[in-house]
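Working through the structure, step by step
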Amino acid sequence: MILSFKHFLRLSQFLLFAAAIFCLSMSCEFDQGLGPSKTRISGKVIFLDPASRPQNVEEVRVIAVANLPPAGFGDVYFSNAVRFDLDTASYQLSVPVGNYPAVGVLWKARGKDWAFNNLMGIYGFNPPVDFALKPVQLTESQPVSDDVNVHALWAFTQFDATLAGRVTFAGAWPDDTEVLLLGAFTGIPDLDNIANSLGLLGGIPLPITKPGTDNKELDYTTSVRNGLYKFIGAFWKRKGDNDPKHIRCIGFYPDPANLSRPGELQVASEKTAEGVNFVIDFSTLPEGVKLGSATPAFGK
């Protein structure tokens, strides 16, 4: 099954918020000999658009998180390795009794570490039109949930390049912050309504976590498609406010010749564009940053 571009954009819009539940990256060792568990989450992974599957897939696993966002690695549970040469494959997660706000599918490239921006799907996405973030709860009386089926979109593995840099924080991190995401766009996005520009995204937006008390800088890497990027910036969302018109850009990678304008960069396949550094300024809220004079129409 191949999703239409319209459905791809709707899934991108969903993942813009859902991706914020995950940590930036991690490396793990796994016990390959998982046996039946008395408390478990299991089901099927339904792979969509197999023609988009890359040649360098090493593993696919299902994850469940015990808290949003995870407080540490102990909040993240990985399944057995899932067969990815099939249209539909079984998985099992051995987890303790508790509530799991999100279940998703991750893939790992050969020779690379696990990274949560390599997300292929979330439990609750049922094509073509059903999008939700569905929790799973295990109790002492109902310790097994065996029908947690997750759709995984191979198109989200087509991120063959990397952006890397450092963000510097200015101003106080607001207490009502729900999401802070870094997004890379192939055109100038509509900063007054980011939902209008999701088709310009070159990768799944990267969640940015709050640094330690004395740390005002954070290094990042994010996976994107190769090509030309005209806007790379950070977007802030307030808790409980789901209106995309209220999402605010609070920093962007600038043009070295004009710091009020966004900078452009080209990133080649299998390469990393480094030095993509910029300031995230919370003091620009509630309006967010504004672009310099002679702002082009978004998408140009």
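Residues numbered from 1 in each chain as written. Predicted model: local features only at pLDDT ≥ 70, side-chain atom pairs only at ≥ 80, totals over all residues. Heavy atoms only, no water.

This part covers the pairing of strand β22 (residues 278-281). On β22, burial follows the alternation: Phe 278 and Ile 280 on one face are buried, whereas Val 279 and Asp 281 on the facing-out side are not. Pairing of strand β11 (residues 161-170) with β22 involves 4 bridges; the strand directions are parallel. For Val 167, the partnering residue across the bridge sits in β22 and is Phe 278. (Buried < 20%, exposed > 50% of the residue type's maximum accessible area, 1.4 Å probe, protein only. Helix = DSSP H or I, 4+ residues; strand = E, 2+ residues; numbered from the N terminus. Pairing = 2+ DSSP bridges.)

So, about the sheet that holds strand β7 (residues 119-122). Taken together, 4 strands build an open sheet; the order of strands is β3-β2-β6-β7 and the sheet is antiparallel. Of all strands in the sheet, those bounded by a partner on one side alone are β3 (76-78) and β7. The average undirected angle you get between the axes of adjacent strands in this sheet is 30°. (Axes fitted to C-alpha atoms, helices over the stretch in contact; angles between N-to-C directions.)

So, on to the pairing of strand β2 (residues 57-65). Residues in a regular strand project their side chains so that they alternate between the two faces of the sheet. Counting buried positions along β2 yields 8 of 9 residues, so the element is predominantly enclosed. When β2 meets strand β6 (residues 102-109), the two strands line up antiparallel, connected through 8 bridges. Pairing of Arg 61 across the sheet is with Leu 106, part of β6. Two elements, β2 and β3, share 3 bridges in a ladder whose sense is antiparallel.

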